[in-house]
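Close look at the chain arrangement
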Amino acid sequence: RKYLLLILTLVTIALLASGGISVYFSYQENKSGLASLQHEKALAAASRIEQYIRQISQQLAYASLPQVDASDVELRRIEFLKLLRQAPEVTDIAQLDAGGRETIAVSRLGMDVVASGKDRSQEPAFRNARRGQPWHGPVYFRKETEPYMTIAMRSGGDAGPVTIADVNLKFIWDVVSRIKIGEKGKAYVVDGNGFLIADPDIGLVLRKTDLSNLAHVKAATAKQDPDDLAMLSTDLTGTEVLTSVAPIESLGWKVFVEQPVAEVYRKLNASILRTGLLLLAGLVISAFAALALA
């Protein structure tokens, strides 16, 4: 019996130590790998959305190029109509002269206006527009439902005319809805004030959902540690999620990618369970071997 207990104790301690160390490091490596994968998906989503906005800005730049006959308003109107046809996200586009007076305004939601002379010189879009550099305004909600953003660009020179376009951000839904993270994971976009501007559930966007009180949104606003690739938090429904964030610096937006913790750690827990079962089997075999040797 003494030999049996001695051999069984030594084998048990060795197996438990080896199995425990293996499980611990495997858990940490898998956890780090999941966080890295989550962060990579967030970066990819941010890059796609930034490219999407940059493409609209480039189309606006082409439409605002100086005409051979600058006084021909009809040619400018045709260029704006082409932009509305090519970019369904743009709902309104207007050109202001050097003094901030509206020379032409084209809209898919209303009547076109030519030479209205409306003074728009005090609008931030006119005052902040720079030559060759698109200005992106803050997100606003038209009729408290659909998110919009203003893009402005000055052409010709520092005192040249300014082209201003209103962009419906509801179309970003198509970008984020294509990003798949597991079975129940998703990607969504939050503006600088914490309002949801793109989500696979378009209803949340149209309700002007405020996410500024969520822990991960607060942490992202407070410039979290860049080495912390993902964090545990809760979503709007109170479900515990693993979330990662990637900023879009040029727009002041943040892209979040989240997955329910139960789904994220399902495979990891299954791996730990398999390791535990193998360890138990090893202990049983060791007990019989120790008994035979004793």
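Before going into details, it helps to say that this report is about the structure given with it. (Residues numbered from 1 in each chain as written. Predicted model: local features only at pLDDT ≥ 70, side-chain atom pairs only at ≥ 80, totals over all residues. Heavy atoms only, no water.)

Section: the pairing of strand S7 (residues 162-168)
Buried residues dominate S7, accounting for seven of its seven residues. By the alternation rule, side chains of S7 split into Val-162, Ile-164, Asp-166 and Asn-168 and Thr-163, Ala-165 and Val-167, which are all buried. With seven bridges connecting them, strand S6 (residues 146-154) and S7 associate as antiparallel partners. Looking across to S7, one finds that Met-153 is bridged to Thr-163. (Buried < 20%, exposed > 50% of the residue type's maximum accessible area, 1.4 Å probe, protein only. Helix = DSSP H or I, 4+ residues; strand = E, 2+ residues; numbered from the N terminus. Pairing = 2+ DSSP bridges.)

Remarks on the packing of aromatic side chains
Summed over the entire model, instances satisfying the criterion amount to four aromatic pairs. On the numbers, 5.4 Å between centres and 80° between planes, the contact of Tyr-24 with Phe-25 is edge-to-face. Overall, Phe-25 belongs to the partly exposed group, its relative accessible area being 48%. One residue, Arg-142, lies across the ring of Tyr-148, its end atom 4.0 Å from the ring centre. Across the ring face of Phe-126, the terminal group of Arg-154 is positioned such that the distance to the ring centre comes to 5.3 Å. (Phe/Tyr/Trp six-rings, centres within 6.5 Å; stacked < 30°, edge-to-face > 60°. Lys NZ or Arg CZ within 6 Å of the ring centre and 35° of its normal.)

Notes on the sheet that holds strand S9 (residues 196-198)
To summarise the sheet geometry, strands pair through backbone hydrogen bonds and adopt either a parallel or an antiparallel arrangement. Ordered by their spatial adjacency, five strands build an open sheet running S9-S8-S12-S11-S10, and the pairing between neighbours is antiparallel. Strand pairing shows two members of the sheet lacking a second neighbour, S9 and strand S10 (231-234), which therefore form its edges. When the angles between neighbouring strand axes are averaged without regard to direction, this sheet yields 45°. Relative to S9, strand S8 (residues 186-190) runs antiparallel, the two being bridged by two bridges. Considered in S9, the bridge of Val-190 is made with Leu-196. Here helix H1 (residues 2-63) sits on the sheet and contacts S8, strand S11 (240-248) and strand S12 (253-260); the angle it forms with S11, its principal contact strand, is near 40°. (Axes fitted to C-alpha atoms, helices over the stretch in contact; angles between N-to-C directions. Contact = heavy atoms within 4.5 Å.)

Brief notes about the layout of surface pockets
Rolled over the atoms, a probe sized like a water molecule indicates the empty space that remains. When its volume is computed, the largest pocket comes out at roughly 310 Å³. Around the largest pocket, the lining is made up of 15 residues, and of these Leu-34, Gln-259, Glu-263, Val-264 and Lys-267 lie nearest the centre. Residue assignment for the lining of the largest pocket shows that the elements contributing at least two residues are H1, helix H7 (261-264) and helix H8 (266-293). In terms of residue count, the dominant contributor to the lining of the largest pocket is H1 (five residues). Grouping the amino acids of the lining of the largest pocket by side-chain chemistry returns six nonpolar, four polar and five charged. (1 Å grid on protein atoms, 1.4 Å probe; cavity = no way out; pocket = protein on both sides within 12 Å on 5 of 7 lines; lining within 4 Å. Points joined across faces, edges and corners; volume = space filled by probe spheres on them. Nonpolar A, V, L, I, M, F, W, Y, C, P; charged D, E, K, R; others polar.)

Let's talk about the nonpolar core
Within the largest apolar cluster, 39 residues are counted, with the highest numbers of intra-cluster contacts made by Ile-49, Ile-93, Ile-172 and Trp-253. Looking at this core, the element that brings in the most residues is H1, giving nine residues. One finds Val-190, Val-205, Val-245 and Phe-256 within the second-largest nonpolar core, a separate group that totals 11 residues. (Core = buried A, V, L, I, M, F, W, Y, C linked by side-chain atoms within 4.5 Å.)

Read these as layout, nothing more, since geometry by itself doesn't imply function.
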